[in-house]
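Notes for the structure review
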Protein chains: 2
Amino acid sequence: MRIQLTQAVTLDESGQRLRPIEMRIVDGVIDSLSERPLPREEGWQVYELGGGLVLPGLVDAHTHLYQSLGTGLYDGLGVNAWLEALIHGYTLSEDEAYDATLLGCVEAIRSGTTCVSEMTELAFADAAAQAILDSGLRASLAVMVGDQAEGNNPPDMNTHQALAATRSFFERWNGAGWGRLKVLMGPVGLAACTLDLVRGMRALAEELHTQIVTHCAEGPTETEAVRARYGASEVEMLERCGLLGPDCALVHAVWLSERDLQIIANHTGRVVHCPSTNLKIADGIAPAAALLKKGIPVALGCDGAASSGTYDLLKEARLASLLAKGSGMDAAALPAEQVLHMLTDYGAEASGWSGKVGRLAVGYRADLTVLRYPQAHLLGERGLLSRLIHNTAAGDVAAVFVDGSPLLWDGHMVSVDEEALVQRAAGRLRRRDFGPGAYPQKGQPPQAAPQEWAYFSRRTSKND
Amino acid sequence: MRIQLTQAVTLDESGQRLRPIEMRIVDGVIDSLSERPLPREEGWQVYELGGGLVLPGLVDAHTHLYQSLGTGLYDGLGVNAWLEALIHGYTLSEDEAYDATLLGCVEAIRSGTTCVSEMTELAFADAAAQAILDSGLRASLAVMVGDQAEGNNPPDMNTHQALAATRSFFERWNGAGWGRLKVLMGPVGLAACTLDLVRGMRALAEELHTQIVTHCAEGPTETEAVRARYGASEVEMLERCGLLGPDCALVHAVWLSERDLQIIANHTGRVVHCPSTNLKIADGIAPAAALLKKGIPVALGCDGAASSGTYDLLKEARLASLLAKGSGMDAAALPAEQVLHMLTDYGAEASGWSGKVGRLAVGYRADLTVLRYPQAHLLGERGLLSRLIHNTAAGDVAAVFVDGSPLLWDGHMVSVDEEALVQRAAGRLRRRDFGPGAYPQKGQPPQAAPQEWAYFSRRTSKND
């Protein structure tokens with residue numbers, strides 16, 4: 001498949017100026033780049049981008065896309081209550097999981113994401129993988145496994161089962177979509193895993209030549225529970241188990257000591273920052289700027305929409321930038337250039353696509369996000385990079401390409417029958433309660449009571 | 001003018017269910033509301049909203065729209081350095097101010113705003129007012145006046161001039177656009193105003209039957225300077241001058257003591273929360289949840305885009321919700337219902353439109369924001385209000401009405417020739433530097449150095 005992109009601009013090395021970009025793509029890989037118009041030749045599929053601004057495709061380095069049907073239904077719960085409510089309230093059939101995951105994919109694509117690192121549940125892992133495959137997204141997939149009780153939540157399986165399920169999922173899905181899907185190892189988090197399982201996952205990663213992703217130090221209770229159990233921090237314990245490394249992404253990384261930061265840096269580890277979830281379910285505020293200062297590449301993740309409320313990575317980028325500045329009282333923290341790295345190549349590194357994805361460069365996969373330019377709020381050149389980080393929105397995304405194929409074109413989904421999907425999903429939300437449901441009636445966790453409010457007057461005319 | 005809106009839905013009193021809404025508008029005012037289809041009669045202009053979700057028009061209770069051409073050019077500067085750089089770097093001719101303000105209006109309208117409370121500069125106040133009038137937005141306008149040096153920044157005028165300029169602007173613009181524009185009193189902030197001016201502004205507000213808006217306790221330096229000068233907090237001093245009241249909006253309100261909160265509550269004062277600016281230029285984090293708990297209606301403001309980076313109020317709503325939860329470690333803080341109030345009726349109260357704007361009710365002005373519904377990310381009914389606050393984007397706004405007239409229709413600007421404006425503004429950004437420019441070369445303030453980065457490979461083929 002030979003594809004040519006034309007009539008586009010991109011930011012130059014300074015990040016302060018635009019220049020024209022023409023691109024040729026062969027078999028999904030960027031084959032050549034030029035500032036001058038390339039000749040049009042027979043047999044090439046040409047896409048005219050209408051002056052659009054081309055970026056490396058955005059990488060969402062931590063998602064639970066299957067949570068899309070729970071969006072907005074778990075408000076008001078702190079991380080512990082939230083997790084317990086989700087485990088009891090948000091159970092999906094395979095059909096539901098397929099639609100929910102695909103719905104999450106559409107939202108991600110519409111906001112410019114080309115690659116996700118999805119942690120899914122064993123109960124519907126195949127359906128979820130199929131949905132992502134069908135969406136056209138590039139993805140790293142991990143089945144979350146744990147073999148130890150966390151708080152009131154019992155483990156799903158024992159150590160052997162966890163390792164066997166992971167291996168089996170790897171064998172079924174790694175390399176699917178002509179290499180578009182990759183399977184990672186997904187120990188759910190040290191609070192819910194034995195040390196044997198953690199060591200076993202590292203060994204399996206080595207054997208299968210793949211990477212690792214795990215939740216780490218998200219909430220204070222979890223962090224304290226691990227310390228109470230082992231007399232050491234999560235990061236210290238993961239180090240002792242040999243899990244850390246440039247091929248291991250630690251998701252959240254909120255409650256870290258200075259020593260933890262240094263350990264991660266020593267192992268050239270990777271961190272995924274999920275600011276929307278961290279704030280919305282009151283995990284705490286992750287030390288993103290401090291991690292980056294240590295030289296640790298921090299990627300961004302939307303996490304699950306039942307906690308973050310979104311699969312729009314542009315929202316995470318804006319939030320990460322503002323939160324680092326405001327929480328540290330340092331307006332120079334996380335400059336826009338750095339946030340763009342977090343959105344692209346740092347994301348690729350955290351999810352196993354280093355050197356393949358995250359840059360516009362010859363030899364890289366042709367994963368591209370194209371924004372409408374110029375617009376009233378996306379103007380000029382010198383301040384444009386800051387505008388991209390702080391003032392874009394999903395509606396600015398005109399086109400999204402993965403492996404050179406359009407998933408979104410001129411604002412319309414190409415890879416998914418969106419209208420049918422939205423109808424199906426709306427039907428599911430009408431028929432079933434995907435929220436905490438009857439669960440809170442057992443006494444806990446409490447759901448925040450909705451406040452009374454009324455915009456729509458009951459009066460129907462002035463004379464009522 | 002008789003207008004009928006049909007084929008729409010809105011949230012009911014519970015905020016958990018949708019119901020159909022049909023509306024008749026006479027001379028810009030909501031004349032009747034119905035769940036059942038209203039008959040179509042001769043002489044009524046009918047707008048079919050295609051199943052869209054109707055909300056009361058969003059009120060941006062604090063803006064400096066004229067800063068749009070400075071967006072992205074003042075990154076990396078904390079509040080003091082930022083203010084000094086802006087004063088020296090961002091000077092506009094009247095023509096520039098007109099375009100910059102109109103550009104800000106377009107961005108606001110495209111993201112669902114129907115009413116702004118704009119604080120503008122005396123040097124180009126008429127041009128700015130004309131731009132807002134031309135945009136079709138409803139607006140409260142205030143000219144910022146100060147008669148005292150703040151830090152290194154000298155005052156523009158003396159007390160008499162400040163009062164005279166305010167009165168003169170009021171006489172020229174209050175009530176323009178058949179009542180669509182309103183002029184408020186705008187003492188810029190206590191750090192830059194004498195007590196005589198503050199008292200004079202209160203007296204003028206009484207005489208002219210209008211409201212007051214002022215910056216208050218934005219940054220730590222400003223707050224400490226006022227305390228050093230008077231031995232009392234800004235809020236205490238404003239109270240002594242008689243400025244506080246339900247007709248006085250305090251913008252920012254970051255550095256407040258518990259006593260300050262109580263004083264504002266005692267006077268049933270209004271506060272405008274600008275979280276993007278507060279974080280981006282490292283003002284600090286305003287106690288929005290604590291203010292609301294005291295019964296103080298907190299509205300939302302985008303402030304100027306040279307600090308906040310945006311005129312998209314939906315971004316402020318999301319940020320306010322998440323920031324209150326995360327910074328206070330309380331996931332139940334600022335429930336979505338409350339944030340919707342902040343976006344609508346609390347905004348109206350803070351900017352002088354109480355009882356006229358901010359609700360869908362008979363007798364209110366027909367200022368409406370219509371969102372596309374359903375979409376992949378805006379689905380269902382029970383979690384929809386949370387989705388509105390946490391997961392909408394400018395592109396979701398299908399239509400915006402002010403006084404029953406469409407400013408945006410089917411995603412296209414009706415009230416402004418957007419393409420011509422964007423072209424003009426792009427030209428201005430090419431021709432002139434609207435950033436700190438040569439100013440930092442004098443020694444201060446320092447601008448954050450851009451980090452080196454490069455997405456676009458210099459190589460142009462695999463063989464280079």
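- As annotated in an unreviewed UniProt entry, chain A carries the name Amidohydrolase-related domain-containing protein and is attributed to Levilinea saccharolytica.

1. Considerations on the overall build of chain A
- Each helix and strand counted, chain A has 17 helices and 17 strands in total.
- In summary, chain A has a C-alpha radius of gyration of 22 Å against a globular reference of 23 Å for 464 residues, a match within 12%.
- Each principal axis of the C-alpha distribution contributes one length, and for chain A these read about 75 × 65 × 45 Å.
- Looking at chain A residue by residue over its 464 residues, the buried ones come to 67%.
- For chain A, restricting intrachain contacts to residue pairs at least 6 apart in sequence, the fraction spanning at least 24 positions comes to 73%.
- When the accessible surface of chain A is split by element, carbon and sulfur atoms take 49% of a total near 15,500 Å².

2. Brief notes about the interface of chain A and chain B
- In this assembly, 100 residues from chain A lie in contact with 100 residues from chain B.
- Linking chain A to chain B there are two salt bridges.
- Here chain A is connected to chain B by 20 residue pairs in polar contact (both at pLDDT 80 or more).
- Per element, the largest residue contribution to the side of chain A that touches chain B is seven residues, and it comes from helix H13 (residues 313-327) of chain A.
- For the side of chain A that touches chain B, the class distribution of residues is 43 nonpolar, 34 polar and 23 charged.

3. Some points on the environment of Trp44 of chain B
Residue and element names in this part refer to chain B.
- Of note, Trp44 is situated in the loop between strand S3 (29-34) and strand S4 (45-56).
- Judged by its relative accessible area of 13%, Trp44 falls in the buried class.
- For Trp44 and Arg2, which are 42 residues apart along the polypeptide, the C-alpha to C-alpha distance reads 5.1 Å.
- Residue contacts for Trp44: discarding those within four places in its chain leaves Arg2, Ile3, Gln4, Arg24, Ile25 and Val26.

4. Quick word on the relation of the copies chain A and chain B
- Superposing chain A onto chain B requires a rotation of 180° together with a translation of 0.0 Å along the rotation axis, leaving an RMSD of 0.0 Å. When the rotation and shift are considered jointly, the pair of chain copies conforms to a two-fold rotation axis. Closest approach to the rotation axis within chain A is made by the C-alpha atom of Gly395 of chain A, at a distance of 2.1 Å.

5. Focus on the sheet that holds strand S17 (residues 412-413) of chain A
All names here are of chain A.
- Taken together, the eight strands give an open sheet; going across it, the order is S3-S2-S1-S4-S14-S15-S16-S17, and neighbouring strands pair in mixed fashion. Strands at the two margins of the open sheet, each flanked by one partner only, are strand S3 (29-34) and S17.
- As paired strands, strand S1 (residues 2-11) and strand S4 (residues 45-56) are joined by six bridges and run parallel to one another. Within S4, the residue paired with Ala8 across the bridge is Gly52.

6. Considering the pattern of salt bridges
- Considering all chains together, one arrives at 48 salt bridges over all chains under this definition.
- Residue Glu13 of chain B pairs with Arg19 of chain B through a salt bridge whose shortest N-O separation is 3.2 Å. Arg19 of chain B carries the same exposure label as Glu13 of chain B, and that label is buried.
- Between Arg259 of chain B and Glu236 of chain B there is a salt bridge, and its shortest N-O distance comes to 2.9 Å. Of this pair, Arg259 of chain B sits in helix H9 (residues 258-266) while Glu236 of chain B sits in helix H8 (residues 234-240), placing them 23 residues apart in sequence.
- Judged by relative accessible area, which is 52%, Arg259 of chain B ranks as exposed.
- By sharing partners, the salt bridges in this structure join Arg138, Arg365, Asp367 and Asp403 of chain A into a single network.

7. Overview of the UniProt feature "domain: Amidohydrolase-related" (unreviewed entry) in chain A
- The positions that UniProt labels "domain: Amidohydrolase-related" (unreviewed entry) are, in the present scheme, residues 53-405 of chain A.
- Across residues 53-405 of chain A, helical content stands at 43% and strand content at 16%; the span's end C-alpha atoms are separated by 17 Å.

8. As for the pairing of strand S2 (residues 18-26) of chain B
All names here are of chain B.
- In terms of burial, S2 is a largely internal element, seven of the nine residues being buried.
- In this structure, strand S1 (residues 2-11) lies alongside S2, joined through eight bridges in antiparallel fashion. Among the inter-strand pairings, Val9 is bridged to a residue of S2, identified as Pro20.
- Between the antiparallel neighbours S1 and S2 lie six residues, among them Gly15 with a positive phi of about 70°.

9. Regarding the side chain of His215 of chain B
All names here are of chain B.
- Mapped onto the secondary structure, His215 falls in strand S9 (residues 212-216).
- A distance of 3.2 Å separates a polar atom in the side chain of His215 from a polar atom in the side chain of His62.
- Here the side chain of His215 touches His64 through a polar contact of 3.4 Å, side chain to side chain.
- Excluding anything up to four places from it in sequence, His215 contacts His62, His64, Met119, Met144, Pro187, Val188, Gly189, Leu190, Glu234, Val251 and His252.

10. A few points about empty space enclosed by the protein
- Per the counting criterion, the structure on display carries five cavities of 30 Å³ or more.
- The volume enclosed by the largest cavity comes to roughly 160 Å³.
- Taken together, 17 residues line the largest cavity, and the ones lying closest to its centre are Leu314, Lys315 and Arg318 of chain A together with Lys315 and Arg318 of chain B.
- Mapped onto the lining of the largest cavity, the elements with two or more residues apiece are H13 of chain A together with helix H13 (313-327) of chain B.
- A per-class count over the lining of the largest cavity returns nine nonpolar, two polar and six charged.
- When its volume is computed, the second largest cavity comes out at roughly 60 Å³.
- Every residue lining the second largest cavity is listed: Leu55, Leu58, Ser111, Gly112, Leu314, Leu340, Leu343, Thr369, Leu371, Leu388, Ile389 and Val397 of chain B.

11. Digging into the sheet that holds strand S8 (residues 181-183) of chain B
All names here are of chain B.
- Across the sheet, which stays open at both edges, the five strands sit in the order S8-S7-S6-S5-S13 with parallel pairing between neighbours. Each having just a single partner strand, S8 and strand S13 (303-304) make up the two edges of the open sheet.
- Looking at chain direction, strand S5 (residues 58-64) and S13 are connected through two bridges and run parallel. Paired with Thr63 across the two strands is Asp303, which belongs to S13.

12. Some details on helix H3 (residues 125-135) of chain B
Residue and element names in this part refer to chain B.
- Counted residue by residue, H3 has eight buried out of eleven residues, so it is predominantly covered.
- Where H3 is concerned, the buried positions are Ala125, Ala127, Ala128, Ala129, Ala131, Ile132, Leu133 and Ser135.
- Immediately downstream of H3, the backbone of Gly136 shows phi near 90°, a positive value.

13. Considerations on the packing of aromatic side chains
Residue and element names in this part refer to chain B.
- Going through the model one piece at a time under the given rule, you end up with ten aromatic pairs over all chains.
- Between Tyr90 and Phe434 the ring centres are 6.1 Å apart and the planes differ by 55°, which places this aromatic pair in the tilted class. Of the two residues, Tyr90 is situated in the loop between helix H1 (79-89) and helix H2 (94-110) and Phe434 in the segment after helix H17 (418-431); the sequence distance between them amounts to 344 residues. Per residue, the accessibility class of Tyr90 equals that of Phe434, and both read buried.

14. Considering the side chain of Thr277 of chain A
- With respect to the secondary-structure elements, Thr277 of chain A resides in helix H10 (residues 275-280).
- When residues no more than four places from it in sequence are discounted, the contact partners of Thr277 of chain A are Glu218, His252, Ala282, Asp283, Cys302, Asp303, Gly304, Ser307 and Ser308 of chain A.

15. Some thoughts on the environment of Leu33 of chain A
All names here are of chain A.
- Inspection of the secondary structure puts Leu33 in strand S3.
- Residue Leu33 is classed as buried on the basis of its relative accessible area, which comes to 2%.
- When the C-alpha atoms of Leu33 and Pro187 are compared, they prove to be 40 Å apart, with 154 residues separating the residues in sequence.

16. Digging into the packing of H13 of chain A against H13 of chain B
- Where H13 of chain A contacts H13 of chain B, the two axes come as close as 12 Å, and the packing angle between them is 60°. Of the possible angle classes, the one that applies to H13 of chain A and H13 of chain B is oblique. Considering the relative orientation of H13 of chain A and H13 of chain B, their crossing is right-handed. From H13 of chain A, Lys315, Arg318, Leu319, Leu322 and Leu323 of chain A reach across to H13 of chain B, where they touch Lys315, Arg318, Leu319, Leu322 and Leu323 of chain B.
- Classifying every residue of the contact of H13 of chain A with H13 of chain B gives six nonpolar, no polar and four charged.

Conventions adopted
Residues numbered from 1 in each chain as written. Chains lettered and ligands numbered in written order. Predicted model: local features only at pLDDT ≥ 70, side-chain atom pairs only at ≥ 80, totals over all residues. Heavy atoms only, no water. Helix = DSSP H or I, 4+ residues; strand = E, 2+ residues; numbered from the N terminus. Rg over C-alpha atoms; globule rule 2.2 N^0.38 Å. Buried < 20%, exposed > 50% of the residue type's maximum accessible area, 1.4 Å probe, protein only. Contact = heavy atoms within 4.5 Å. Areas by Shrake-Rupley, 256 points an atom, 1.4 Å probe, with all protein chains shown as cover. Salt bridge = Lys/Arg side-chain N within 4 Å of Asp/Glu carboxyl O. Polar contact = N/O pair within 3.5 Å; in protein donor to acceptor, adjacent residues only side chain to side chain. Nonpolar A, V, L, I, M, F, W, Y, C, P; charged D, E, K, R; others polar. Least-squares fit on C-alpha atoms with pLDDT ≥ 70 in both. Pairing = 2+ DSSP bridges. UniProt positions renumbered as here; feature names shortened; annotations may be inferred. 1 Å grid on protein atoms, 1.4 Å probe; cavity = no way out; pocket = protein on both sides within 12 Å on 5 of 7 lines; lining within 4 Å. Points joined across faces, edges and corners; volume = space filled by probe spheres on them. Phe/Tyr/Trp six-rings, centres within 6.5 Å; stacked < 30°, edge-to-face > 60°. Axes fitted to C-alpha atoms, helices over the stretch in contact; angles between N-to-C directions. Parallel < 35°, antiparallel > 145°, perpendicular 65-115°, else oblique. Left-handed = near helix turned anticlockwise from the far one by under 90°.

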